[in-house]
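# Tertiary structure, described
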Amino acid sequence: GQNIDQPTEMTATEGAIVQINCTYQTSGFNGLFWYQQHAGEAPTFLSYNVLDGLEEKGRFSSFLSRSKGYSYLLLKELQMKDSASYLCAVPPNFGNEKLTFGTGTRLTIIP
Amino acid sequence: SQTIHQWPATLVQPVGSPLSLECTVEGTSNPNLYWYRQAAGRGLQLLFYSVGIGQISSEVPQNLSASRPQDRQFILSSKKLLLSDSGFYLCAWSVRRGRINEQFFGPGTRLTVL
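Read on for a plain summary of the structure. Every chain is numbered on its own, with residues counted from 1 as its sequence reads. Chain A is the first chain written and ligand 1 is the first ligand written, with later ones labelled in order. In keeping with the model being predicted, local features are shown solely for residues with a pLDDT of at least 70 and side-chain atom pairs are shown and tallied solely at 80 or more, while totals for entire chains, interfaces and linings include all residues. Processing note: side-chain calculations cover all non-hydrogen atoms of the structure and skip hydrogens and water entirely.

## Concerning the overall build of chain A
Formally: Where helices and strands are cited, they refer to DSSP runs of H or I of at least four residues and of E of at least two residues respectively, numbered from the N terminus. For the radius of gyration, the atoms used are the C-alpha atoms, and the globule rule reads 2.2 Å times the number of residues raised to 0.38. Contacts: residue pairs with any heavy atoms within 4.5 Å of one another. Think of it this way: Lys and Arg go in the positive column, Asp and Glu in the negative one, and His and the chain ends go nowhere. To locate a charge, the coordinates of NZ of Lys, CZ of Arg, CG of Asp or CD of Glu are taken.
Counting its regular elements, chain A contains zero helices and 11 strands. For chain A, the α and β elements follow one another from N to C terminus as β-β-β-β-β-β-β-β-β-β-β. Over its C-alpha trace chain A gives a radius of gyration of 13 Å, about what one expects of a compact globule, namely 13 Å for 111 residues. Counting only C-alpha atoms and orienting by the principal axes, one finds that chain A spans roughly 40 × 30 × 20 Å. For chain A, the share of sequence-separated contacts (at least 6 apart) that also reach a separation of at least 24 residues comes to 55%. Charge separation in chain A, taken as the distance between the mean sites of 8 positive and 10 negative side-chain charges, equals 3 Å.

## Section: the overall build of chain B
Rules: Relative accessibility decides the category of a residue: with a 1.4 Å probe and only protein chains considered, values under 20% of the type maximum give buried, values over 50% give exposed, and everything between is partly exposed.
Counting secondary structure elements, chain B contains zero helices and 11 strands. When the helices and strands of chain B are listed from N to C terminus, the series reads β-β-β-β-β-β-β-β-β-β-β. C-alpha atoms of chain B, sized along the principal axes, occupy 45 × 30 × 25 Å. For chain B, buried positions account for 48% of its 114 residues. Taking the contacts inside chain B whose residues are at least 6 apart along the sequence as the reference set, 55% of them involve residues at least 24 apart.

## Observations concerning unusual backbone geometry
Of note, the amide linkage connecting Trp7 of chain B to Pro8 of chain B takes the cis form, showing an omega dihedral of 0°. Along the chain, Pro8 of chain B turns up in the loop between strand E1 (3-7) and strand E2 (10-13). A positive phi angle, near 45°, is found at Glu77 of chain A, a position not held by glycine. Its location among the elements puts Glu77 of chain A in the loop between strand E8 (70-75) and strand E9 (84-90). Not every positive phi belongs to a glycine, and Asn30 of chain B is a case in point at roughly 50°. Within the fold, Asn30 of chain B resides in the loop between strand E3 (19-26) and strand E4 (32-38).

## With respect to the interface of chain A and chain B
Definition in use: What counts as buried area is the accessible surface, traced by a 1.4 Å probe, that two parts surrender upon association, with contributions from both included. Any carboxyl oxygen of Asp or Glu that lies within 4 Å of a side-chain nitrogen of Lys or Arg is treated as forming a salt bridge with it. Within 3.5 Å is the distance limit for a polar contact, defined as a pair of N or O atoms, with the added protein rule that one can donate a hydrogen and the other accept it, and that residues adjacent in sequence qualify only through two side-chain atoms.
Across the contact, 22 residues belong to chain A and 21 residues belong to chain B. Across the chain A/chain B interface, buried area totals approximately 1,700 Å², and carbon plus sulfur atoms make up 53% of it. Inspection of the chain A/chain B interface yields one salt bridge. Put simply, Glu59 of chain B and Lys98 of chain A hold a salt bridge, and the shortest N to O gap is 3.0 Å. There are three residue pairs in polar contact (both at pLDDT 80 or more) connecting chain A and chain B. Contributing elements (two or more residues each) for the side of chain A that touches chain B: strand E4 (32-37) and strand E5 (44-49) of chain A.

## Considering the sheet that holds E3 of chain B
Residues and elements named next belong to chain B. Heads up, the rule is: Whether two strands pair depends on DSSP finding at least two bridges between them. Only the contacting stretch of a helix is used when fitting its axis, a line to C-alpha atoms as for every element, and angles between N-to-C directions run 0 to 180 degrees.
Sheet architecture is open: four strands sit in the order E1-E3-E8-E7, paired in antiparallel fashion. With partners counted over all chains shown, the strands left at the sheet margins are E1 and strand E7 (64-70), one partner each. On average, adjacent strands in this sheet sit at an angle of 15° to one another, irrespective of strand direction. Here five bridges tie E1 to E3, and the two strands are oriented antiparallel to one another. If you follow Thr3 over to E3, its bridge partner there is Glu26.

## Thoughts on the pairing of strand E11 (residues 109-113) of chain B
Residues and elements named next belong to chain B. Burial along E11 is one-sided: the face carrying Thr109, Leu111 and Val113 is buried and the face carrying Arg110 and Thr112 is not. Two elements, E2 and E11, share four bridges in a ladder whose sense is parallel. Paired with Val12 across the bridge in E11 is Thr112. Here three bridges tie strand E9 (residues 87-94) to E11, and the two strands are oriented antiparallel to one another. Across the sheet, residue Phe88 finds its bridge partner in E11, namely Arg110.

## Observations concerning the sheet that holds strand E3 (residues 18-25) of chain A
Residues and elements named next belong to chain A. Here five strands make up an open sheet; going across it, the order is E1-E3-E8-E7-E6 and the pairing antiparallel. Looking at the sheet topology across the chains shown, the edges are occupied by strand E1 (3-5) and strand E6 (53-57). Each strand of the sheet is rotated relative to its neighbour by a mean of 15°, with strand direction disregarded.

Here you go:
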């Protein structure tokens, strides 16, 4: 089976940095996805990690440690529009075409 | 470019009434198609998954059903809605590119069962 854990809610200040953690358990690892979902909207793809290390994409970076079953999403220079839920997702086993999503972390940015 | 459409955007239905939600994808062929439900304050729950026409995998027991009559059309149905069927229904498609099987989501249908 698979299990994904993320904090339920986080709050951060505009202009600051925030790290959203995700731990997972899968039968066979085949990458980890991060999605952003604004309230009432569909999730949109942010990043994909399959190898250990940090992937940087503008203000957003995603880190993976396969040995620890751990990932984080790092958001820099926070803007008010970054207020959203951030979903961690993994295929339940290797080669699987499905994704199992965590319950998401609701991030609130305050001025 | 690929686009995914869902309709209706919002729907209010009485308990016991039927349901039909439609999803279509443009700009790609033979996609994997998915139906998810997101209840208020909860994560995305995979309901159905399809790798081709007429091929449907049900992920959770429920009173909903899905059909894929055409390659890029995915329909979610119910004969009699329950209160617990309320939620945000999302259709998604994916195509494998190398090791990545990224999913792209439609705009969603917000269903309220009264």
